[in-house]
Amino acid sequence: MSRAEASPAGAARAGGAADGDAVHGDAEAHVVRAPSPLWSLGLLRSELLTTFRRWRTLALLGVLAAVPVLVGIAVRIETGDGSSFGGGRGGGDEGPAFIAQISNNGLFLVFTALAATLPFFLPMAVGVVAGDAIAGEASAGTLRYLLVAPAGRTRLLFTKYATVIAFCLAATLVVAVTALAVGALLFPLGDLTTISGTRITYAEGLGRALLIALVVAASLVGVAALGLFVSTLTGSGIAAMATTVGLVITVQILDQIPQLHALQPYFFSHYWLSFADLMREPVYWDELVKNLGLQALYAAVFGSAAWARFTTKDITS
């Protein structure tokens, strides 16, 4: 759904200017209103509706939902004769090791699907949405009108970032919920064994699955901030999306080069699979905390850079 297709009420979502925000060029706003929380909520609501109604967004969510379906079907076919699924390292340290346990308990499909989508599919989807946040408006010629409404640059940028974070959560939950449904349909459910060898109840397993999904969503916060910053650098939505996805791929390649081991702990993807530690008993928190702290650092650095760029650039489209 393009901005041109939005209703007048949608255009009005940008009401309420933030103090100190100015629009350069012909779009200068001469009347400044006091900030209103209701206007901010209306702007956020409109951004969420616009984002999640786009065919591109729905297609991305559809691809993410297909991953656990394909993994579940593949494991079901492989284990149809009663044999165990090969290739896993039950009790290993990495997330993909959960695939060996799917045939014993369908809940492990949730962990496997998240481990399979986190390295590429999830960050790619987030990169597309974040990269298009500002640059997409500029290329469509609607960014200047959003600011004239007026939304205020700081408020608009914050709303865009909040929308991308909402997409991170929605995309992760789509993977987790689809995997839970497919796992329940194709495999038995019940108490499960952690990778430490202890037994936990199915209810506790569901709780950990939800916590893992939230951690995975939080792991994408850094990519979201990076994509938003890139989006403020160009007026082409396609260029911003391609650049963000390219950076995600490049960083993950660099994270696999042994000679760069001194730098790798600072790459946003380095601790992504640390969510597997939530399936230990007791839980190992060290790398989980490092991951969340690193994502917060990326969000602060690139969020500030995006704000500095967006609030000082000339808006011509």
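Provided above is the structure to which this section pertains.
Treat the numbers as computed from the prediction; the structure is a model and nothing was measured.

A. Inspection of unusual backbone geometry at higher detail. Omega for the peptide link from Glu281 to Pro282 comes to 0°, which places this bond in the cis form. Tracing the backbone through its elements, the reader meets Pro282 in the loop between helix H10 (237-254) and helix H11 (286-310).

B. Expanded view of the pattern of salt bridges. Counted according to the given criterion, the structure contains six salt bridges. One salt bridge connects Arg208 with Glu204, and the closest N-O pair in it is separated by 3.0 Å. Taken together, the residues span about one helical turn, with Arg208 and Glu204 both in helix H8 (residues 202-218) at a distance of four residues. For Arg208, a relative accessible area of 10% corresponds to the buried category. A relative accessible area of 34% places Glu204 in the partly exposed class. Where salt bridges share partners, they join Glu47, Glu137 and Lys160 into one cluster.

C. Layout of the packing of aromatic side chains. Taken as a whole and judged by the stated rule, the model has seven aromatic pairs. Measuring from ring centre to ring centre gives 5.9 Å for Phe229 and Phe302, while their planes differ by 50°; the resulting arrangement is tilted. Of the two residues, Phe229 sits in helix H9 (residues 221-231) while Phe302 sits in helix H11, which places them 73 residues apart along the sequence. Among the aromatic residues, those joined into a cluster by ring pairs are Phe229, Phe268, Trp272, Tyr298 and Phe302. Sitting over the face of the ring of Phe310, Arg153 holds its NZ or CZ atom 6.0 Å from the ring centroid.

D. Structural detail: the nonpolar core. Counting residues in each nonpolar core, the largest one holds 79 residues, and the members touching the most others are Phe111 and Phe275. The biggest single contributor to this core is helix H7 (residues 153-186), with eleven residues. Every residue in contact with Phe111, bar those within four places of it in the chain, is listed here: Phe98, Leu192, Gly205, Ala209, Ile212, Phe275 and Met279.

E. Structural view of the packing of helix H4 (residues 108-117) against H7. Packing of H4 against H7 leaves a shortest axis separation of 8 Å and a crossing angle of 140°. Taken as axis vectors, H4 and H7 run oblique relative to one another. Crossing of H4 over H7 shows right-handed handedness. Where H4 approaches H7, its residues Leu109, Val110, Ala113, Leu114 and Thr117 are matched on the opposing element by Thr172, Val175, Ala176, Ala179, Leu180, Val182 and Gly183. Residues of the contact of H4 with H7, tallied by class, amount to nine nonpolar, three polar and no charged.

F. Spatial organisation of the side chain of Thr51. If you trace the backbone, Thr51 turns up in helix H2 (residues 37-53). Looking at Thr51, the relative accessible area reads 5%, which means it is buried. Beyond its immediate sequence surroundings of up to four residues, Thr51 is in contact with Thr57, Val129 and Thr163.

About the cut-offs
Residues numbered from 1 in each chain as written. Predicted model: local features only at pLDDT ≥ 70, side-chain atom pairs only at ≥ 80, totals over all residues. Heavy atoms only, no water. Helix = DSSP H or I, 4+ residues; strand = E, 2+ residues; numbered from the N terminus. Salt bridge = Lys/Arg side-chain N within 4 Å of Asp/Glu carboxyl O. Buried < 20%, exposed > 50% of the residue type's maximum accessible area, 1.4 Å probe, protein only. Phe/Tyr/Trp six-rings, centres within 6.5 Å; stacked < 30°, edge-to-face > 60°. Lys NZ or Arg CZ within 6 Å of the ring centre and 35° of its normal. Core = buried A, V, L, I, M, F, W, Y, C linked by side-chain atoms within 4.5 Å. Contact = heavy atoms within 4.5 Å. Axes fitted to C-alpha atoms, helices over the stretch in contact; angles between N-to-C directions. Parallel < 35°, antiparallel > 145°, perpendicular 65-115°, else oblique. Left-handed = near helix turned anticlockwise from the far one by under 90°. Nonpolar A, V, L, I, M, F, W, Y, C, P; charged D, E, K, R; others polar.

Limitation: the analysis is restricted to geometry and does not speak to function.
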